[in-house]
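# A structural walkthrough
Listed below, chain by chain, are the residues.
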Protein chains: 2
Amino acid sequence: MGAAVIGARSAWAVRENAPAGLGILDAIGVIRHLTPHESLAVEGDAADRFHLVMSGVVAAYKATADGRRQIIAFHFPGDPVCLSTAGTVYDHSAEAVGHVTVCSVSRTRVREYTKQVPSLRHGLLDAVRREMAAAHERLLWLGRKTALERLACFLLECASRVGEPQGNGHQVVPLPMNQQEIGDYLGLASETVSRTLTELGRDGTIEVLRPFSGVVIRDMQRLEATTDEGTLQPAAGP
Amino acid sequence: MGAAVIGARSAWAVRENAPAGLGILDAIGVIRHLTPHESLAVEGDAADRFHLVMSGVVAAYKATADGRRQIIAFHFPGDPVCLSTAGTVYDHSAEAVGHVTVCSVSRTRVREYTKQVPSLRHGLLDAVRREMAAAHERLLWLGRKTALERLACFLLECASRVGEPQGNGHQVVPLPMNQQEIGDYLGLASETVSRTLTELGRDGTIEVLRPFSGVVIRDMQRLEATTDEGTLQPAAGP
DNA sequence: CGACTGCTTGAGTCTGCTCAATAAAGGTGG
DNA sequence: CCACCTTTATTGAGCAGACTCAAGCAGTCG
């Protein structure tokens with residue numbers, strides 16, 4: 001019941017955050033609690049349900065036969081999970097990063113519900129399109145950006161999702177995923193993530209929280225600049 | 001008028017190829033002919049229309065401030081272009097690769113039409129989801145695959161779209177885009193594309209058509225194997 | 001209080017990039 | 001039809017960003 005109350009509270013919070021029209025889905029879904037690394041979906045399994053993140057972070061990923069892994073997206077509270085699956089099977093896997101609460105809805109249930117609430121379908125389409133735009137952005141990161149640029153992009157993305165402004169212009173960005181997972185998201189080795197975070201910390205752009213649990217953005221301007229010219233000399237004039 | 005006839009013929013061909021329910025859109029669209037590199041959409045512009053490729057190939061791409069470019073997708077005949085845009089502006093650009101015929105439809109027109117043909121909305125959602133799955137696949141390529149693996153994946157993808165089986169097991173794959181564009185799609189330099197194609201040709205997996213206009217897949221099995229273990233030794237036994 | 005997991009840091013290697021020179025095709029205009 | 005010019009592809013040499021392998025160090029949790 002404690003869990004139920006928490007679930008209900010999260011539901012309300014999400015209802016306001018969620019993409020237009022999607023929040024109502026928690027009304028017909030089931031609250032579920034996941035432990036770290038617990039699986040929500042496995043690539044190739046029958047795609048019978050999708051989910052709405054209530055608290056915590058879910059990683060959607062694909063893997064190669066020899067164990068390399070690429071995280072497709074981190075889903076924060078309010079985000080749909082596995083919504084974009086086209087056919088009858090999941091095209092990617094999804095698992096909890098840390099402890100997670102989700103609201104799970106069966107696809108048949110959504111289909112029925114759509115008949116009663118036609119606007120829902122537009123909400124679904126819009127949510128998938130939003131995910132699509134994010135995927136496009138990440139293709140640019142992975143195909144054409146340096147490690148430093150990717151990290152800067154990543155931190156700014158997380159800041160826009162879960163950043164807590166501090167009044168003094170700084171912004172605290174809690175990161176529940178570990179550096180290996182960040183690497184799997186950015187197409188980098190975890191060692192490179194560590195080195196690059198250290199580098200951003202050394203020049204004062206960010207402060208890395210120890211033990212690693214997030215960062216504080218100290219110089220937003222410089223971080224935004226790093227987004228696109230990671231190789232630019234710090235003191236390079238015109 | 002000659003053009004109109006060609007347009008109409010293409011329309012029929014596409015109507016059969018197009019994703020479920022989308023083909024009918026050519027009925028309310030306008031046929032348009034594009035010359036090489038002619039622009040269909042520019043990132044940031046008002047997203048007022050989308051398109052259906054009738055013939056030729058369209059490249060959807062994003063670029064950084066300093067000129068690096070990442071091609072998000074190559075759209076073949078039957079594919080929708082700019083369908084996935086979420087907001088009021090395009091999240092990516094699109095241009096013709098070679099000569100292209102498209103069918104352009106305004107978004108307002110689609111909205112009206114959707115009221116008459118409700119199933120269309122499901123077709124749209126499904127088409128976007130299909131694109132999403134393709135984008136996920138490419139994130140894995142860019143984040144975690146070697147140049148050799150990416151090329152193999154790319155050739156197999158093109159083969160499944162436009163490959164012409166030759167009876168002897170070989171498959172002719174015409175490629176209208178140049179090697180720079182393939183590089184921009186795979187996150188590689190054009191020199192790397194050239195070298196890697198040569199390598200695949202040297203070991204007999206493919207034959208590169210000269211002057212470059214496509215490849216012939218000579219050993220499908222080996223190409224599929226290269227997809228996932230590009231670094232595996234050719235003669236490595238257990 | 002150990003064992004474990006995750007992070008840091010170093011050394012060396014390698015894949016793929018950059019820069020550059022050459023060659024081959026295709027297009028243009030005389 | 002041919003000479004010229006531009007664009008695209010090939011190939012080499014050298015470089016560098018990021019990876020791998022490895023050791024050491026917290027911090028956490030039984």
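What you are looking at is a predicted structure, and each value in this text was computed from that prediction instead of being measured. (Residues numbered from 1 in each chain as written. Chains lettered and ligands numbered in written order. Predicted model: local features only at pLDDT ≥ 70, side-chain atom pairs only at ≥ 80, totals over all residues. Heavy atoms only, no water.)

## A look at the pairing of strand 10 (residues 214-217) of chain B
Residue and element names in this part refer to chain B. Going residue by residue along strand 10, you find G214 and V216 tucked away on one face and V215 and I217 tucked away on the opposite face as well. Of the strand pairs in this sheet, strand 8 (residues 171-174) and strand 10 are connected by four bridges, and their pairing is antiparallel. Residue pairing across strands places V172 opposite V216, the latter belonging to strand 10. Across three bridges, the pairing between strand 9 (residues 206-208) and strand 10 is antiparallel. Bridging across to strand 10, V208 finds its partner in V215. Here strand 9 folds back onto strand 10, and the loop between the two strands holds five residues. (Buried < 20%, exposed > 50% of the residue type's maximum accessible area, 1.4 Å probe, protein only. Helix = DSSP H or I, 4+ residues; strand = E, 2+ residues; numbered from the N terminus. Pairing = 2+ DSSP bridges.)

## Some points on the protein's contact with DNA strand D
Lining the immediate environment of DNA strand D, one finds 18 residues, of which A:A147, A:T192, B:Q179, B:S194 and B:R210 sit closest. Protein-proximal atoms of DNA strand D, defined as those within 4 Å of the protein, fall in sugar or phosphate at a share of 65%. The backbone of A:A147 places a nitrogen or oxygen atom 2.7 Å from a phosphate oxygen of DNA strand D. Elements with a minimum of two residues in the surface near DNA strand D: helix 6 (190-202) of chain A together with helix 5 (179-186) and helix 6 (190-202) of chain B. For the surface near DNA strand D, the element with the highest residue contribution is helix 6 of chain B, accounting for four residues. (Near = heavy atom within 4 Å. Polar contact = N/O pair within 3.5 Å; in protein donor to acceptor, adjacent residues only side chain to side chain.)

## Description of the protein's contact with DNA strand C
Close to DNA strand C lie 17 residues, the nearest being A:Q179, A:S194, A:R210, B:A147 and B:T192. Here A:S194 contributes a side-chain N or O atom positioned 2.6 Å from a phosphate oxygen of DNA strand C. In this structure, a base nitrogen belonging to DNA strand C sits 2.9 Å away from a side-chain N or O atom of A:R195. Secondary-structure elements contributing two or more residues to the surface near DNA strand C are helix 6 of chain A together with helix 6 of chain B. Broken down by element, the surface near DNA strand C gets its largest block of residues, four residues, from helix 6 of chain A. The residue makeup of the surface near DNA strand C, split by class, is five nonpolar, seven polar and five charged. (Nonpolar A, V, L, I, M, F, W, Y, C, P; charged D, E, K, R; others polar.)

## So, the sheet that holds strand 9 (residues 206-208) of chain A
Strand pairing in a sheet relies on backbone hydrogen bonds, with the paired strands running either antiparallel or parallel. With respect to topology, four strands assemble into an open sheet ordered 7-8-10-9 (chain A), the strand pairing being antiparallel. Either end of the sheet is taken by a strand with one partner, and the two such strands are strand 7 (164-165) and strand 9 of chain A.

## A look at the domain arrangement of chain A
Residue and element names in this part refer to chain A. Looking at the assigned domains, one finds that chain A contains domain 1 (2-142) and domain 2 (146-226). Computed from C-alpha coordinates alone, the two centres of domain 1 and domain 2 are separated by 24 Å. The partner domain 2 presents 14 residues to the 16 residues of domain 1 that form the contact. Summed over both partners, the interface of domain 1 with domain 2 buries about 1500 Å², with 63% contributed by carbon and sulfur atoms. Taken as a group, F74, F76 and W141 account for 46% of the area that domain 1 buries against domain 2, more than any other trio of residues on that side. Close ionic contact of R161 with D79 constitutes a salt bridge, the shortest N to O distance being 2.9 Å. (Domains from an automatic or database assignment. Contact = heavy atoms within 4.5 Å. Buried area = accessible area lost by both parts, 1.4 Å probe. Salt bridge = Lys/Arg side-chain N within 4 Å of Asp/Glu carboxyl O.)

## Digging into the pattern of salt bridges
Tallied over the full model, the rule gives 28 salt bridges over all chains. Between A:R144 and B:D184 there is a salt bridge, with its nearest N and O atoms 2.8 Å apart. Placement of A:R144 in helix 3 (residues 119-144) and of B:D184 in helix 5 is noted, with the two residues assigned to different chains. Like A:R144, the residue B:D184 is buried in the burial classification. For B:R68, the salt bridge is made with A:E149, and the minimal N-O distance between the two is 2.8 Å. Highlighted residues: B:R68 in the loop between strand 3 (49-63) and strand 4 (69-75) and A:E149 in helix 4 (residues 147-162), drawn from two different chains. The exposure class assigned to A:E149 is buried, which follows from its relative accessible area of 1%.

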